[in-house]
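Now for the letters of each chain:
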Amino acid sequence: MALYVQKFGGTSVGSPERIKAVAEKVKGFRDQGHQVVVVVSAMSGETNRLTELARSINEEPTPREMDMLLSTGEQVTISLLAMALQKIGVPATSHTGAQVGIHTDSAYTKARIQRIETDDLKADLDDGQVVVVAGFQGVDEEGNITTLGRGGSDTTGVALAAALGADECQIYTDVDGVYTTDPRVCSKAKRLERITVEEMLELASLGSKVLQIRAVEFAGKYNVPLRVLSSFEDGPGTLIVAESDQDEDSMEEPLISGIAFTKNEAKLTLLNTPDVPGVASRILGPIADANIEVDMIVQNVAPAGDYTDFTFTVAKGDYKATKRILEETVIPDLGGGELRGDDNIAKVSLVGVGMRSHAGVASKMFRVLADENINIRMVSTSEIKISVVIDEKRMELAVKALHTAFGLDKSDIESE
C-alpha cells in the first residue's frame, strides 16, 4: 500500500458540502489500505475576507499580525475536514503547521520552509489516522506563526511529501490536469498525461496558473512525483516527473508540450542611449533597487555605432513605477534619451523538451505568426522555450494558430 499526500485548494473546500465530498474522496483511498496526509487551504474567499477585516482596523497592519490572522483560515478548514472524516467512520486528526513541525525562517508573509519534523506525523499515520494539515503556514525559531506566501499550500503539500518519502503528492484543483494551453482561450486544448518538471516550471513561470512555481521547484529538487487532479470528477490527471523518470523505451518526446501566455506584460524602450560599457547596468540597476523584476531584454546598435536602443519588459503592475524611475533617475544619469512605453502587449511562449533535439521550431513559429499578420516585437529563447512579445489584441489568435500548427489540437491526437 502507498502513502499519499493530497492537497485540496480553497475552491475544493469552499462549502460544507464540498468538504464532505473531499472526506469521501479521502475515505476511498484509505479504504484501499493507503496512508493519507491531507493538506488544505482556507475556504475560498476566506483569506480575502480576513485581509479586508484587518484593513478595516488598520490600513497598514504589521506582517507578523497579518500572518497570525491569515493562518486562522486554514485552521477552520482542517478542523471541519477532520470532523467530516470522523462522521463517516475515518479516524482523523487535524494539525496546524506549527503542530506538524513545519519550521520556517522569519520572513513574515513569504516565509521559506527550513525543515519539517515528521515523528509525530508518522506516529499518527502508523496509528491508522488520516492526518489533516493546515497548508500555507509554519512557525519560526522564535515560535511565531508565519505564512508561506502565494501558493503556500501547494508548497506545504510537496514539502510534506518530500519529508515523508510519499509515493505521490496529489494536487486537487478545479481543473482535471495540465493542458496544452488554457482551454478557455483554445477549445481544442488537450490534457497532458505527463509532463516533465522542467517543462512545468517554464509553463508556470510564463503564465500557466495550475501550479505555483515554488511547489514545482520543490518537487524537482526532492524528486517528488506530483500529480494534478480534479476535485470534482474522476480521472488520471497529469503526472509531473523528472525527465530521468521517462521510460527508456518510450517514443521521442513531443516537440511542443504546451503554449503559455500572459497579458501581464509592459514594454519600455530607451532610444538613443550611449553605446558604452556598463549602460545596461546603469539602466537596470535603479529598477532592481526598486525590487522590480525585468523579464525580456533586447539591445540594438544604431547604424552610427555611438548610440543604442534598449528595450525590456516588466510586469504590467510595475509599468508606471518603472517609467517614473527611467524619467527621474536613469535618463538624467545617461545625459539624455527618449523613452517609449507600451502596456498593451502580451507574451506567448512555446515550451517543450523536444526542442533540444529538433531544429526549426523558431522559424516555424515565426512563419505561423507571419501568416496571421501578427507582428513580433521581441523574442527570447532557452533550451526548451521560445517566447515572443506581440500586441495584446492578437494574443488569442496567435495561441490558436500555434496550437494547431504544432499538432496540439484534440482532433490531431484523436486521429493518430
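All figures in this text were calculated on a predicted structure; none of them were measured in a lab. Here the residue numbering is sequential within each chain, running from 1 through the sequence in written order. Predicted model: local features are reported for residues with pLDDT of at least 70 only, side-chain atom pairs are reported and counted for 80 or more only, and whole-chain, interface and lining totals are derived from all residues. The side-chain numbers reported here are obtained from all heavy atoms of the structure, hydrogens and water having been left aside.

As for the overall build of the chain
- Labels follow the DSSP assignment, with helices taken as runs of H or I lasting at least four residues and strands as runs of E lasting at least two, numbered in each case from the N terminus. When its secondary structure is counted, the chain shows 12 helices and 18 strands.
- Within these notes, the globule rule equals 2.2 Å times the number of residues to the 0.38 power, and the radius of gyration is based on C-alpha atoms. For the chain, the C-alpha radius of gyration of 24 Å lies close to 22 Å, the compact-globule estimate for 416 residues.
- In terms of principal-axis extent, the alpha carbons of the chain reach across some 80 × 60 × 35 Å.
- Here a residue-residue contact requires only that any non-hydrogen atoms of the pair lie within 4.5 Å. For the chain, long-range pairs separated by at least 24 residues make up 74% of all intrachain contacts whose partners lie at least 6 apart in sequence.
- With residues, only the protein chains shown are counted as cover, and all accessible areas are computed by Shrake-Rupley using a 1.4 Å probe. Carbon and sulfur atoms make up 46% of the accessible area of the chain, which amounts to about 19,700 Å² in all.

Some thoughts on the UniProt feature "binding site: substrate" (unreviewed entry) in the chain
- UniProt positions are given in the numbering used here, feature names are shortened, and annotations may be inferred rather than shown by experiment. Residues annotated by UniProt as "binding site: substrate" (unreviewed entry) correspond here to Thr47 and Glu74. Maximum C-alpha separation among the annotated residues is 9.1 Å over a sequence range of 28 residues, consistent with a single clustered spot.
- Within the element layout of this structure, glutamate 74 appears in helix 3 (residues 63–87).
- Residue classification places glutamate 74 among the buried residues on the basis of a relative accessible area of 3%.
- Here glutamate 74 is in contact with Val40, Ser41, Ala42, Ala134, Gly135, Phe136, Gln137 and Ser153, once residues within four sequence places are set aside.
- Counting of polar contacts relies on pairs of N or O atoms within 3.5 Å, with two restrictions inside protein: one atom must be capable of donating a hydrogen and the other of accepting it, and residues adjacent in sequence are counted only when both atoms are side-chain atoms. Within the local environment of glutamate 74, its side chain forms a polar contact with the backbone nitrogen of alanine 42, the two atoms lying 3.0 Å apart. Burial classification: accessible surface area is computed with a 1.4 Å probe over protein chains only, and a residue below 20% of its type maximum counts as buried, one above 50% as exposed, and the rest as partly exposed.

With respect to the side chain of threonine 173
- Positionally, threonine 173 belongs in strand 9 (residues 168–173).
- One polar contact links the side chain of threonine 173 to the main-chain carbonyl oxygen of valine 175, over a distance of 3.0 Å.
- With near-sequence residues (within four places) excluded, threonine 173 lies in contact with Ser12, Val210, Val228, Leu229, Ser230, Ser231 and Phe232.

Regarding the packing of helix 1 (residues 16–31) against helix 3
- With axes taken as lines fitted to C-alpha atoms, and helix axes fitted only over the stretch in contact, angles between N-to-C directions fall between 0 and 180 degrees. At a minimum axis distance of 9 Å, the contact between helix 1 and helix 3 shows a crossing angle of 55 degrees. As judged from the angle between their axes, helix 1 and helix 3 are oblique. For the element pair helix 1 and helix 3, the recorded crossing hand is right-handed. Of the residues in helix 3, those in contact with Ile19, Lys20, Val22, Ala23 and Val26 of helix 1 are Leu80, Leu81, Ala84 and Leu85.
- Tallied by class, residues from the contact of helix 1 with helix 3 come to 8 nonpolar, no polar and 1 charged. Orientation categories follow fixed angle ranges, with anything under 35 degrees roughly parallel, anything over 145 roughly antiparallel, 65 to 115 roughly perpendicular, and all other angles oblique. In a left-handed crossing the near helix is turned counterclockwise from the far helix by less than a right angle, and in a right-handed crossing that turn is clockwise. Put simply, Ala, Val, Leu, Ile, Met, Phe, Trp, Tyr, Cys and Pro go in the nonpolar bin, Asp, Glu, Lys and Arg in the charged bin, and everything else, Gly too, in the polar bin.

Description of helix 5 (residues 152–164)
- Multiplying 1.5 Å by the residue count of a helix minus one yields the expected span of that helix. Between the first and last C-alpha of helix 5 there are 18 Å, a value that for 13 residues agrees with the 18 Å anticipated at 1.5 Å per step.
- In terms of burial, helix 5 is largely enclosed, as 11 of its 13 residues are buried.
- If you check which residues of helix 5 are buried, you get Gly152, Ser153, Asp154, Thr155, Thr156, Gly157, Val158, Ala159, Leu160, Ala161 and Leu164.
- Two residues or fewer past helix 5, glycine 165 is found with a positive phi of approximately 65 degrees.

Some thoughts on the sheet that holds strand 15 (residues 307–314)
- Being paired, for any two strands, means DSSP has found at least two bridges between them. Read from one edge of the open sheet, 6 strands run 14-15-13-16-18-17, paired in antiparallel fashion. Only two strands of the sheet have a single partner each, and these edge strands are strand 14 (294–301) and strand 17 (378–382). Ignoring strand direction, the axes of neighbouring strands in this sheet form an average angle of 25 degrees.
- In the sheet, strand 16 (residues 338–351) pairs with strand 18 (residues 385–391) via 7 bridges, with the strands oriented antiparallel. Looking across to strand 18, one finds that alanine 346 is bridged to isoleucine 390.
- Taken strand by strand, helix 9 (residues 319–334) contacts strand 13 (258–274), strand 15 and strand 16, and its axis lies near 25 degrees from that of strand 13.

Points about a nonpolar patch on the surface
- Patches were defined on residues exceeding 30% relative accessible area and lacking a salt bridge, with like-charge contacts within 9 Å and nonpolar side-chain contacts (Val, Leu, Ile, Met, Phe, Trp, Tyr) within 5 Å. For salt bridges, the criterion is a side-chain nitrogen of Lys or Arg within 4 Å of an Asp or Glu carboxyl oxygen. A surface patch of nonpolar side chains, amounting to about 250 Å² of accessible area, comprises Val76, Leu80 and Met83.
- Inspection of the secondary structure assignment puts leucine 80 in helix 3.

Details of the pattern of salt bridges
- Counted under the stated rule, the structure contains 20 salt bridges.
- For the salt bridge of aspartate 234 with lysine 25, the shortest nitrogen-to-oxygen distance reads 3.9 Å. Of this pair, aspartate 234 sits in the loop between strand 11 (226–230) and strand 12 (238–241) while lysine 25 sits in helix 1, placing them 209 residues apart in sequence.
- Of the residues examined, aspartate 234 reaches a relative accessible area of 73% and is grouped as exposed.
- Look at lysine 25 and you get buried, because its relative accessible area is 19%.
- Here glutamate 265 and lysine 347 are joined by a salt bridge, their closest N and O atoms 3.6 Å apart. In this pair, glutamate 265 is assigned in strand 13 and lysine 347 in strand 16, connecting sequence segments 82 residues apart. Both residues of the pair, glutamate 265 and lysine 347, belong to the buried class.
- If you follow the salt bridges from partner to partner, you end up with Arg115, Glu117 and Glu141 in one network.

Looking at helix 3
- With 25 residues, helix 3 extends 37 Å from end C-alpha to end C-alpha; this agrees with the ideal 36 Å at 1.5 Å per step.
- Turning to helix 3, its buried residues are Met66, Asp67, Leu70, Ser71, Gly73, Glu74, Thr77, Ile78, Leu81, Ala82, Ala84 and Leu85.
- Positive backbone phi, approximately 85 degrees, marks glycine 89, located one or two places after helix 3.

What to know about the domain arrangement of the chain
- Throughout the structure description, domain borders are defined by an automatic or database domain assignment. Once the domains are mapped, the chain shows domain 1 (3–249) and domain 2 (259–406).
- Each of domain 1 and domain 2 has a C-alpha centre, and the two are 34 Å apart.
- Note on terms: buried area is the combined drop in 1.4 Å-probe accessible area of two parts once they are placed together, counting the loss on both. Taken together, both faces of the contact between domain 1 and domain 2 bury some 1,400 Å²; the carbon and sulfur share is 62%.
- Of all residues in domain 1, the largest losses of buried area upon contact with domain 2 belong to Val185, Glu199 and Leu206, amounting jointly to 40% of the total for that side.
- Between the two partners, domain 1 and domain 2, sit 1 salt bridge.
- Remark: the boundary between domain 1 and domain 2 carries 5 residue pairs in polar contact (both at pLDDT 80 or more).
- With 4 residues, helix 6 (residues 197–205) is the largest single contributor of residues to the side of domain 1 that touches domain 2.
- Of the residues belonging to the side of domain 1 that touches domain 2, the class tally is 5 nonpolar, 4 polar and 6 charged.

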